[in-house]
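Inside the fold
The primary structure of each chain is shown beneath.
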Amino acid sequence: MQRKIIKITAFLCLGLFIYFVVRADPRELLRILGRLSPMALLLLLLLRVLFWAIRTLSWRIVLGHCHAGRPSFFALFCAQLAGHAVGHFTPSAKLGGDAIRAMMLDNVPRNKALASVVLDKSIELMATVLMMGIGLFIALLRIRMAPVQRLIFLSLTAATAFLIFIFFRQQKKGLFIWILDTLKKWRIRFRFLEDKRGRLIETDGIIADFYARQRRSFLYVFLLYIAMILLWAVEMHLTFIFIGLRGITPLKSFLVTTLGIVSNIVPVIPAGIGIYEMTYFSVFAILRIPQKAGIAVILVRRLLNLLLAAAGLLPMMRGKGRSPAREPAPGMPFATPPETV
């Protein structure tokens, strides 16, 4: 069943991939490519691959504490790209992509795969909000903004930080059961989820146990995600240089990256169309970056995203999915609340 879901999703994404290429105007993409030297494009691609390699390493560390087996780095990397493809092409965005990468794992019990994905995404979001906060703090100190712009950036950062805090707090108490109980209070019931309540309790226990016992690994993964965002800023800076805008300082590239992150957090529209451009155009205006250069940067980065998303369709087309391994349910669910990280 899961293999069918993966294959059907892959074909839907392939159709959307063709649509986005046509919508972006292939001639415009070729023109942007022509502006970049082959070495420049290769370097940007390598940096983007390194970006996903860091994500894969972080996930592998978390998964290693959730599951005794050791899936290969390449298998996890393919699963990451598959998740990116689904997240890039479909309205489910980050949520659908995370579900697919959990489904792509071979010989990993379903509850452990799900727990590892939730933990990995949570730590990434915590690191992302921290870097957003640092970028916003620097921008407020060094850059003149209209009161409305200040309010928007402060509100988005504060709201995101609050939601992630709630999300993190509930994980240590039992995230999935909390969601089920909350839905039940609203008189919303999902029979399938209720039938899986025992497995969801196990998943909550695995997540809580990681926060209670794996503080060093938590910090290590957190720092890896900080490094990933800094690498993202390096890629942004090199893109400015390669398109001929050499007056941009590394600090401006860092601010563009961290302030523009909000466009990647809103999981509503395929590929973030509209939200992505609106966010970055606002940041470019605040930092006084020429609009033409900003458009070129957005197109280059969209092209890199498109190439990696297309690569993520390949393992999905192969129908690589698992017949989920199952482990006997433990005699008692985790009952002791974990310590605070």
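Quick note: structure is the one above.
All of the points below concern the structure found in this document.

What counts, and at which threshold
Residues numbered from 1 in each chain as written. Predicted model: local features only at pLDDT ≥ 70, side-chain atom pairs only at ≥ 80, totals over all residues. Heavy atoms only, no water. Helix = DSSP H or I, 4+ residues; strand = E, 2+ residues; numbered from the N terminus. Expected span 1.5 Å × (residues − 1). Buried < 20%, exposed > 50% of the residue type's maximum accessible area, 1.4 Å probe, protein only. Axes fitted to C-alpha atoms, helices over the stretch in contact; angles between N-to-C directions. Parallel < 35°, antiparallel > 145°, perpendicular 65-115°, else oblique. Contact = heavy atoms within 4.5 Å. Nonpolar A, V, L, I, M, F, W, Y, C, P; charged D, E, K, R; others polar. Phe/Tyr/Trp six-rings, centres within 6.5 Å; stacked < 30°, edge-to-face > 60°. Lys NZ or Arg CZ within 6 Å of the ring centre and 35° of its normal. Salt bridge = Lys/Arg side-chain N within 4 Å of Asp/Glu carboxyl O.

1. Observations concerning helix 10 (residues 197–213)
Over its 17 residues, helix 10 extends 24 Å from the first C-alpha to the last, a length consistent with the 24 Å expected when each residue adds 1.5 Å. Every buried residue of helix 10 is accounted for by Leu200, Glu202, Thr203, Asp204, Gly205, Ile206, Ile207, Ala208, Phe210 and Tyr211.

2. Describing the packing of helix 10 against helix 11 (residues 215–242)
Where helix 10 meets helix 11, the axes come as close as 5 Å, and the angle between the chain directions of the two elements is 90°. Our classification of the angle between helix 10 and helix 11 gives roughly perpendicular. Along the contact surface, helix 10 presents Phe210, Tyr211, Ala212 and Arg213, while helix 11 presents Arg215, Ser217 and Phe218. Of the residues that constitute the contact of helix 10 with helix 11, the class distribution is four nonpolar, one polar and two charged.

3. Things to note about the packing of aromatic side chains
Under the definition given, this model contains nine aromatic pairs. With a centroid separation of 5.0 Å and 90° between ring planes, the pair formed by phenylalanine 168 and tyrosine 211 is classed as edge-to-face. With phenylalanine 168 in helix 7 (residues 147–171) and tyrosine 211 in helix 10, this pair connects stretches of sequence that are 43 residues apart. By the burial criterion, phenylalanine 168 is buried, and tyrosine 211 matches it. An aromatic cluster is built from Phe168, Phe210, Tyr211, Phe218 and Phe222, whose rings are joined through pairwise contacts. Of note, arginine 48 hangs over the ring of phenylalanine 51, and the distance from its end group to the ring centre comes to 6.0 Å. Of note, arginine 55 hangs over the ring of tryptophan 52, and the distance from its end group to the ring centre comes to 4.6 Å.

4. A few points about the pattern of salt bridges
Scanning the entire structure with this criterion turns up nine salt bridges. A salt bridge links glutamate 124 to arginine 55; its shortest N-O distance comes to 2.2 Å. Of this pair, glutamate 124 sits in helix 6 (residues 110–142) while arginine 55 sits in helix 3 (residues 38–66); the two residues are 69 residues apart in sequence, bridging distant segments of the chain. Of the residues examined, glutamate 124 reaches a relative accessible area of 7% and is grouped as buried. Among the salt bridges present, the one from arginine 301 reaches glutamate 235, with a minimum N-O distance of 3.1 Å. Residue arginine 301 is located in helix 15 (residues 291–317), and its partner glutamate 235 is located in helix 11; the two are separated by 66 residues in the primary sequence. Look at arginine 301 and you get buried, because its relative accessible area is 2%. Three or more residues are tied together by salt bridges with common partners; here these are Arg48, Glu235 and Arg301.

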